[in-house]
Structure formats: structure tokens, C-alpha cells
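The chain contents come next:
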Amino acid sequence: MMAETHSKSEVSTTTSTATSPTYAAPKSSSGISLCLQYFKTGPGIVKLVELVMGILCMACAAPAWTKGTHWFLFVVVTAFVSTSIWCFIYLLNLKNAINLPIDWLLTELLNTAITTLLYLIAVIVQFCSIVAEKERNIAAGVFGVFNMLTYAVGSFYLYRDWKDSHPQSSFSGPVLKRNP
């Protein structure tokens, strides 16, 4: 009944904003500009938590005395560097400044999903390679579990945003749809 009082353009505008991605970069500037709004959104906060948890993992696991801890540190440092790069991409609004035919959301989704899987493997290896009296390695493994879960939440946000921006996909399950 309420939709009848609005014009057709207003109704279509409100329905399209209901399925907008979690974060949409400002379209006004075409060059490199400082953009802090991303870090006030859910995915931005998740990225910052990933960085902080990565620092805690590195601090607890270094120096590596076992081969399992070497692998764990390799995954943690690689994830930290890639997440830092993505933070700089969002901070400097490089997605709009660089005109390349890249599906940025899909690239970031694949990066975050692969990092989640690598964290899962690294945490298992870290817990299996704990030697006696190395509490810091246990703490590193526990922080690794929390960081793996944080990366999984980030992957979920990215997948949901990617599905919202690609509606022609064949999967249309009700579980991952955004609530109005």
C-alpha cells in the first residue's frame, strides 16, 4: 500500500539499496585519496582485527624452534602481508584509482578463503608440534584459531558482497541472503 504512493523510480531505488554491498567506495574521486570510511564498516573492522591477531600470533610463535612453528609463522606472516596490502588498497581507495579489469571482490574473496584454509592447516601443525614447556607456542596456536575464525568471518562478508554484486549466479540458497 505504501509503495502505491511513491513513484516507480523511488520504489526501484529503495529496493536496489537493500541489496547493496557491505561497503561501496565513494565514486566521486577518480584518483588516490585517503578513505577511512571502510574501516568503520564490518569488513573493515574484521580486517583490523586480523592484523592485530596476526601480530599476536607472530609475537607468540617467534622465534621458531620446530618445523611446525616455521610453517605456522610462514602462514601468519604471509597472511599479515596480504591483509596489510588489502588495507592499503582500501585506505588509499586504489580500487577506483587503478583502471584494471580486475574483479576486486572475487580476488579478495579468494585470497581470504585460501588464507583461512592455510590458517586451519597451520594451526593443526602448530598444535601437533608443541614440545614440552613451550606455553608461548600454545598461545600462538590459540591466537591462530581465533585469527582463522576472523578470516572465516571476513570470507563470509566478502562472499555475501560478491553474491550481491553478481546476482546472475546459479546458487540462490536462502541461507546466505542478506536480511532486509
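Residues numbered from 1 in each chain as written. Predicted model: local features only at pLDDT ≥ 70, side-chain atom pairs only at ≥ 80, totals over all residues. Heavy atoms only, no water.

## A few points about the packing of aromatic side chains
Filter applied, for reference: Each pair of aromatic rings taken from Phe, Tyr and Trp, with Trp reduced to its six-membered ring, is defined by centres within 6.5 Å and is described as stacked if the planes are under 30 degrees apart, edge-to-face if over 60, and tilted in the remaining cases. Type-normalised accessible area, obtained with a 1.4 Å probe on protein chains alone, sets the label of each residue: buried when under 20%, exposed when over 50%, and partly exposed for intermediate values.
Inspection of the entire model under this criterion finds seven aromatic pairs. Consider the rings of tyrosine 38 and phenylalanine 39, whose centres lie 5.3 Å apart with planes at 80 degrees: the pair is edge-to-face. The class for tyrosine 38 is buried, based on a relative accessible area of 2%. Taking 6.4 Å as the distance between ring centres and 35 degrees as the angle between the ring planes, the aromatic pair formed by tyrosine 159 and tryptophan 162 counts as tilted.

## Re the packing of helix H3 (residues 42–61) against helix H7 (residues 135–165)
Note the following rule: To define axes, lines are fitted to C-alpha atoms, for helices over the stretch in contact only, and angles between the resulting N-to-C directions are given on a 0 to 180 degree scale. Where helices and strands are cited, they refer to DSSP runs of H or I of at least four residues and of E of at least two residues respectively, numbered from the N terminus. Geometric relationships in this document are graded by angle, where less than 35 degrees denotes roughly parallel, more than 145 denotes roughly antiparallel, 65 to 115 denotes roughly perpendicular, and other angles denote oblique. Two helices cross in a left-handed way if the nearer one is turned anticlockwise from the farther one by less than a right angle. They cross in a right-handed way if the turn is clockwise.
Where H3 contacts H7, the two axes come as close as 9 Å, and the packing angle between them is 160 degrees. In terms of orientation, H3 and H7 fall into the roughly antiparallel class. Every pair of crossing elements has a handedness; the one defined by H3 and H7 is left-handed.

## Things to note about the pattern of salt bridges
Filter applied, for reference: The salt bridge definition used is simple: a Lys or Arg side-chain nitrogen within 4 Å of an Asp or Glu carboxyl oxygen.
Following the criterion strictly, the structure yields one salt bridge and no others. Two residues, lysine 47 and glutamate 108, come together in a salt bridge whose shortest N-O distance is 2.5 Å. Linking lysine 47 in helix H3 with glutamate 108 in helix H6 (residues 104–128), this pair joins segments that are 61 residues apart in sequence. The pair lysine 47 / glutamate 108 is uniform in exposure class, with both members buried.

## Here's the deal with the nonpolar core
Condition: We define a nonpolar core as any set of buried Ala, Val, Leu, Ile, Met, Phe, Trp, Tyr and Cys residues linked to one another through side-chain atoms lying within 4.5 Å. Contacts are assigned to residue pairs that have any heavy atoms within 4.5 Å of one another.
Ranked by size, the top nonpolar core spans 15 residues in total, and within it Cys57, Ala61, Phe72, Val76, Tyr119 and Ala140 carry the most contacts. Where this core is concerned, the elements lending two or more residues are H3, helix H4 (67–91), H6 and H7. Per-element tally for this core: the top contributor is H4, with five residues. Once you skip the residues sitting within four places of it in the chain, alanine 140 turns out to touch Cys57, Cys60, Ala61, Phe72 and Gln126. In terms of nonpolar packing, the next biggest core, distinct from the first, is built from ten residues, Tyr38, Phe39, Ile89 and Leu91 among them.

## Let's talk about H3
What counts is decided by this rule: Expected span of a helix, by definition, is 1.5 Å for each gap between consecutive residues, and there is one gap fewer than residues.
Compared with the 28 Å implied by 1.5 Å per residue over 20 residues, the 28 Å span of H3 between its first and last C-alpha is a close match. Inspection of H3 places Pro43, Gly44, Val46, Lys47, Glu50, Leu51, Met53, Gly54, Cys57, Cys60 and Ala61 among the buried residues, and these make up the whole buried set. Where H3 is buried, its residues meet H4, H6 and H7.

## Structural notes on H6
Here H6 contains 25 residues, and its C-alpha end-to-end distance of 36 Å stays within 8% of the 36 Å for a straight helix at 1.5 Å per residue. Every buried residue of H6 is accounted for by Trp104, Leu105, Glu108, Leu109, Thr112, Thr115, Thr116, Tyr119, Ala122, Val123 and Gln126. Lining the buried residues of H6 we find H3, H4, helix H5 (94–97) and H7.

## Quick notes on the UniProt feature "transmembrane region" (unreviewed entry) in the protein
Selection rule: UniProt positions are given in the numbering used here, feature names are shortened, and annotations may be inferred rather than shown by experiment.
What UniProt calls "transmembrane region" (unreviewed entry) maps, in this numbering, to residues 48–65, 71–92, 104–132 and 138–159. A distance of 32 Å separates the end C-alpha atoms of residues 71–92, which is 95% helix and 0% strand. Annotation note: span residues 138–159, helix share 100%, strand share 0%, distance between end C-alpha atoms 31 Å.

## Observations concerning the packing of H6 against H7
We count it as follows: Under the scheme applied, nonpolar residues are Ala, Val, Leu, Ile, Met, Phe, Trp, Tyr, Cys and Pro; charged residues are Asp, Glu, Lys and Arg; polar residues are all the others, including Gly.
Where H6 contacts H7, the two axes come as close as 8 Å, and the packing angle between them is 160 degrees. Judged on the interaxial angle alone, H7 and H6 are roughly antiparallel. With respect to the hand of their crossing, H6 and H7 are arranged in left-handed fashion. Per-class residue counts for the contact of H6 with H7 are 18 nonpolar, eleven polar and two charged.

## Section: a nonpolar patch on the surface
The line we're drawing: Residues with no salt bridge and a relative accessible area higher than 30% make up the patches, which join like charges within 9 Å and nonpolar side chains (Val, Leu, Ile, Met, Phe, Trp, Tyr) within 5 Å. Each accessible area is a Shrake-Rupley result for a 1.4 Å probe, and residues are judged covered by the shown protein chains and nothing else.
There is a patch of nonpolar side chains on the surface, built from Trp71, Phe74, Leu110, Ile114, Leu117, Leu118, Leu120, Ile121 and Ile124 and spanning about 810 Å² of accessible area. Contributions of two or more residues to the nonpolar patch are made by H4 and H6. The topology assignment puts isoleucine 121 in helix H6.

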